[in-house]
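# Analysis of the macromolecular model
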Amino acid sequence: MSEQTHTWRERALAVGCAPLVDAMMRHHEHKADLPALHSPAPERALFGPAVTMQFLPTRDDPAAQDRGFGDVYDEAVRGAEPGAVLVINSGGYPESSHAGGVKLSRASRDGLAGVLADGRLRDFAELADAGFATWCRGEAVRWGGDHVMPYAANVAIEVAGVTIAPGDYVYVDSAGGVVIPAASLETVLAEAETIVSDDEGFRAGISSG
């Protein structure tokens, strides 16, 4: 993780999700907030620039061009900076498994900050021990390859009604998440810090009567 990304991460962690969402709403009109998700280690907040994997409903003919999880994953992380976030869309099946502990062990190898999946993931116990942050729709026990397949890397995808483009900054904690365009990150962080400061002032005023 670069020094700059580390600094941005610390600032994001210091303010938390709600102020970041409020800051985004002050500077952008599009939806940017994500609902509360599940994690095998909910104390680990997730922050970093997105690399994306697009999933689509499974097809069994050659037109599907199913290259397998590893192939699409490798394309997604190729050239990514340490501390990037792997973002996986649901492919229309948010209740299906999209990956598990073995497939996602690559994230540790490649120095990713973590994984955000708009679907379910298997092997929560393994993912809790992996050391990176993981957020998803919940745990699954059944293989989901008959429902969804990895298809493309580093294209814009939809997660919970929010468009996520490669390079967007993603923040997720136990309260929910937010997607911040890279060009707006410094502005949004500064605005969120102002919101937190203002709220502290309001709280002090209320306490003092």
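Our subject in this report is the structure included herewith. (Residues numbered from 1 in each chain as written. Predicted model: local features only at pLDDT ≥ 70, side-chain atom pairs only at ≥ 80, totals over all residues. Heavy atoms only, no water.)

### Topic: the packing of aromatic side chains
To keep it simple, the criterion reads: Ring pairs shown here join Phe, Tyr and Trp side chains whose ring centres sit within 6.5 Å, with only the six-membered ring taken for Trp; geometry is labelled stacked below 30 degrees between planes, edge-to-face above 60, and tilted in between. Note on conventions: DSSP H or I runs of at least 4 residues are helices, E runs of at least 2 residues are strands, and numbering of each starts at the N terminus. Throughout, exposure labels follow a simple rule: accessible area from a 1.4 Å probe, protein chains only, divided by the maximum for the residue type, with under 20% read as buried, over 50% as exposed, and the rest as partly exposed. Either the NZ atom of lysine or the CZ atom of arginine qualifies as a charge over a ring when it sits within 6 Å of the ring centre and within 35 degrees of the ring normal.
Counting across every chain of the model gives 3 aromatic pairs. Ring centres of Trp 8 and Tyr 169 lie 5.6 Å apart, and the angle between their planes is 80°; on these two criteria the pair is classed as edge-to-face. Separated by 161 residues along the polypeptide, Trp 8 in helix α1 (residues 3-15) and Tyr 169 in strand β12 (residues 169-173) bring together distant segments of the chain. Taking 6.2 Å as the distance between ring centres and 15° as the angle between the ring planes, the aromatic pair formed by Phe 69 and Tyr 73 counts as stacked. Pair noted here: Phe 69 and Tyr 73 are both in helix α3 (residues 69-77), with a separation of 4 residues, about one helical turn. Owing to a relative accessible area of 6%, Phe 69 belongs among the buried residues under this scheme. Following the ring pairs from residue to residue traces out a cluster consisting of Trp 8, Phe 47 and Tyr 169. Taking the ring centre of Tyr 73 as reference, the NZ or CZ of Arg 106 above it sits at 6.0 Å.

### Regarding the pairing of strand β9 (residues 148-153)
Our working rule: Paired strands are those between which DSSP finds at least two bridges.
For β9, the tally of buried residues reaches 5 of 6 residues, placing the bulk of the element in the interior. Direction of pairing for strand β2 (residues 46-57) relative to β9: antiparallel, over a ladder of 5 bridges. Bridging across to β9, Gln 54 finds its partner in Ala 152.

### Some remarks on the sheet that holds strand β8 (residues 138-139)
Spatially, the 3 strands line up as an open sheet ordered β4-β6-β8, and their pairing is parallel. Looking at which strands have only one partner, the edges of the open sheet turn out to be β4 (97-99) and β8.

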